[in-house]
Structure formats: C-alpha cells, structure tokens
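The primary structure of each chain is shown beneath.
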Amino acid sequence: MTKKRANLRDVAAAAGVSVATASRVMNTPEAVSEATRQKVQAAMDSLRFMPSAAARAINSGRSRFVGALVPTLDNAIFARYLSRLESQLDKHRLSLVVSTTDGIPEIEAEKARTLINIGAEGLIMSGITHRPALYELINRGGIPAIATSYYDPDFALPTIGYDNAAAAFTALSHLTGLGHSRISVIHGPTETNDRTGTRVEALRRRPDGAKIEFYLEPLSIEGGCSGVQRVLEARPDTTAILCMSDVQATGALYELQRCDISVPGGLSLLGIDDLPGSAHLCPGLTTVHLPVARMGLAAADAIAGWVENGTVPEPVLLESRLVNRSSTGRLGDVTLTEVTRTGAAD
C-alpha cells in the first residue's frame, strides 16, 4: 500500500515546533535561527517530506511564479532569453512558467488568462502590440506586467528592450558605408510582430539614399532560402541582402551558396539578432547584436521587484551594436583583408 505523504503538520510535530515556524523555514529561512532550521530540516529528511506548491500557495497566498508569453520556442533567441530570465528569477525565489502564442494576439490573451487563473503573480510579454482583452485582464487583476524586446518609455506598461528602429539603421548604415545602394530586405511577418514591423517601417521612411526592395517571407531558414530566390529573380542587380533576423540570414546564406554566389564577393549579407551559431557560419555572419541575455536578467529583476516589493520598474533601454564578421564587404571588393569573429555573449 502507498504510504501517506507527510505534510507540514507532520514535519512540525516531528521537529517539536509550530506549523508557522516550519513554514518559515521553507519560505523565509533567514527569519529562523540556524538551530531551528537544522531541526526542521532533519524532520523533513526523516519523513521524506516534499513541499506541495498548491498547499504552500493556499497557506501563504503566494504562488511564487511568473508567467512569460513568447511567440515561439523554435528560435534560439527566445531560448537564450528565457534561460537567463529563469535563472535570475530563481535568485529571487520565483519560478517561471512559459506559454507560447504563435505570434497570434488572440492566443496570447487566452494564454495570459490561463496563467493568471492558475496563480501567476506577474506577466512578461514580448513586444507592445496586444489585444484589449489582455490589458483588461491585467488591469482587472492588478497584475504586474512588463513588455520586453521593445523600448518605448511612453508605453502603458514598463518596457525592457532595445530600439528596433535603431538596430535596423545600424544594419543599413553598415551596408551603405560599404558603398551598397541596391539593397534587398528579407523580413518576417509585420502585422503580428511589432519588432519586425518597426524595423521595416524605419527603413521605408529613411532609406539613407539606398534603393531598397522588401520581401516578406516566413521567419525561418526556409523563408531565407525562398527570399533569396525571389531577390535573384526580381532584382538581379542587388549587391547586398539585409535580413531582419539571423534565422532568415542563415537560410539566405545556404541558398546563395547553393547558387554558387560567393559571400561577400558576389553579394554581401547581413542579419539582425546575433544568434550563437551566426559566428560559426562560413563565412561568419555580420549582424546586429541584440542583448537578449541581458534583457532576460533585467526583466527578471524588474518583475521580481514589482511582485515582491510593489516597486514599478522604470523603462530600460538596452543598446544594440554591429558585430562585423566576414559576410559583408565593400562594393567591388572580392575578398576582405580583415575578418572579425566576435561572439554573442552579452
């Protein structure tokens, strides 16, 4: 027969302390003497006690977890961000529950409702474009919520992220500075991704004298491949391709190599993200580094301060920067004399 699982009352009785003291040992050990902690821990060990998150939430009124809403887990940029977010939340003794939204606002609102219903004490969302239903949930429950991957000091929620328009300008300025003016831009969906939308709109409004054509493709390696096929067919005089993500740039590089077009001798290629693998492509991908690891740390500290102390965080701008590798070259140059292979550690 299965033995009855020990509860906190059993632990308190075995240790000779009150249930409240046993609870403090688990939740606020710094408030209990070392001798008492050792006595309660010994009782937990002898009873093989395993804390119940549900019981703890009932007793304390705290779930001690934060919900994060991200478009996908397929892109390495989100994996790196979530890894830092979770590890930093753990330092605040908070857990992380992740929900994916496929970049669909209606799904995001429903996933947010589920997270709140199961006790999320705070929400972390990607971008600043969300359905009214989501804001209603946040306002009705008084839930601390922040937006990441986007910096807008005037947004209704605190934002922690980068200037997406500036990242696009950095990429474009690098290409025009190398003499390129016939530039093709491959990008993902803009209607459901305000980060990509902001980058594309920035280039439309300020092309820096370049003749730019835009090609909408899925945000994937396959999208980068098909984007190159369209560029070569519709605009064979292109001298540089700018991809709004490293994922698409990777696919673009594969397709250019399949077509026997050298990079950067035949075409220069540039991405935005600086994924860990981008430095190890051949040639190494020139890209704009987005500080997603630092963003994860900053987001964790911000939401923890709000949840634990009621301190509403200030907006945080994280600077992007160009990482110049070997996939871009000066117009007319067949080879580069210097190659910089700097990495993607925040």
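A few points about the nonpolar core
Part 1: The biggest cluster of nonpolar side chains holds 49 residues, and the ones touching the most others in it are Leu85, Ile183, Leu203 and Leu242.
Part 2: Considering each element in turn, this core owes the most residues, 9 residues, to helix α12 (residues 292-309).
Part 3: In terms of nonpolar packing, the next biggest core, distinct from the first, is built from 19 residues, Ala112, Ile116, Leu137 and Ile143 among them.

Section: the pairing of strand β10 (residues 286-289)
Part 1: Two strands pair when backbone bridges link them, and strand β9 (residues 268-273) and β10 are joined in this way by 4 bridges, in the parallel orientation. The partner of Leu270 across the bridge, within β10, is Thr286.
Part 2: Across 3 bridges, β10 lies against strand β12 (residues 321-323) in antiparallel orientation. Directly across from His289, in β12, lies its bridge partner Arg321.

Topic: unusual backbone geometry
Part 1: A cis amide bond, omega 10°, links Val263 with the succeeding residue Pro264.
Part 2: Residue position: Pro264 is located in the loop between α11 (246-258) and β9.
Part 3: Note that the residue after Cys282, namely Pro283, is joined by a cis bond; omega there is 5°.
Part 4: Counting through the fold element by element, Pro283 comes out in the loop between β9 and β10.
Part 5: Positive phi values are uncommon outside glycine, yet Asp102 reaches one of about 60°.
Part 6: Relative to the helices and strands, Asp102 resides in the loop between β2 (95-100) and α6 (105-117).

Quick look at helix α3 (residues 34-47)
Part 1: Its 14 residues give α3 an end-to-end C-alpha distance of 20 Å, which sits within 8% of 20 Å, the value for a rise of 1.5 Å per residue.
Part 2: Within α3 the residues assigned to the buried category are Thr36, Val40, Ala43 and Met44. Projected onto a plane normal to the axis of α3, the buried residues spread over an arc of 100° and lie on a single side. Exposed residues on α3 whose side chains face more than 90 degrees from its buried face are Ala35, Gln38, Asp45 and Ser46.

Considerations on the packing of α6 against helix α7 (residues 132-141)
Part 1: In the contact formed by α6 and α7, the axes pass within 8 Å of each other and the chain directions differ by 20°. In terms of orientation, α6 lies roughly parallel with respect to α7. Crossing angle aside, the handedness with which α6 passes α7 is left-handed. On α7, the residues that touch Glu108, Ala109, Ala112, Arg113 and Ile116 of α6 are Ala133, Leu134 and Leu137.
Part 2: Residue composition of the contact of α6 with α7, grouped by class: 6 nonpolar, no polar and 2 charged.

Some thoughts on the pairing of strand β4 (residues 145-148)
Part 1: A two-sided burial pattern is seen for β4, the buried positions comprising Ala145 and Ala147 on one face and Ile146 and Thr148 on the other.
Part 2: Strand direction decides the pairing type here: strand β3 (residues 123-126) and β4, joined by 4 bridges, are parallel. Bridge assignment links Ser126 to a residue of β4, and that residue is Thr148.
Part 3: Across 2 bridges, β4 lies against strand β5 (residues 159-161) in parallel orientation. In the sheet register, Ala147 faces β5, and the bridge partner there is Thr159.

Reading the values: rules and limits
Residues numbered from 1 in each chain as written. Predicted model: local features only at pLDDT ≥ 70, side-chain atom pairs only at ≥ 80, totals over all residues. Heavy atoms only, no water. Core = buried A, V, L, I, M, F, W, Y, C linked by side-chain atoms within 4.5 Å. Buried < 20%, exposed > 50% of the residue type's maximum accessible area, 1.4 Å probe, protein only. Helix = DSSP H or I, 4+ residues; strand = E, 2+ residues; numbered from the N terminus. Pairing = 2+ DSSP bridges. Expected span 1.5 Å × (residues − 1). Arc of directions from axis to C-beta. Axes fitted to C-alpha atoms, helices over the stretch in contact; angles between N-to-C directions. Parallel < 35°, antiparallel > 145°, perpendicular 65-115°, else oblique. Left-handed = near helix turned anticlockwise from the far one by under 90°. Contact = heavy atoms within 4.5 Å. Nonpolar A, V, L, I, M, F, W, Y, C, P; charged D, E, K, R; others polar.

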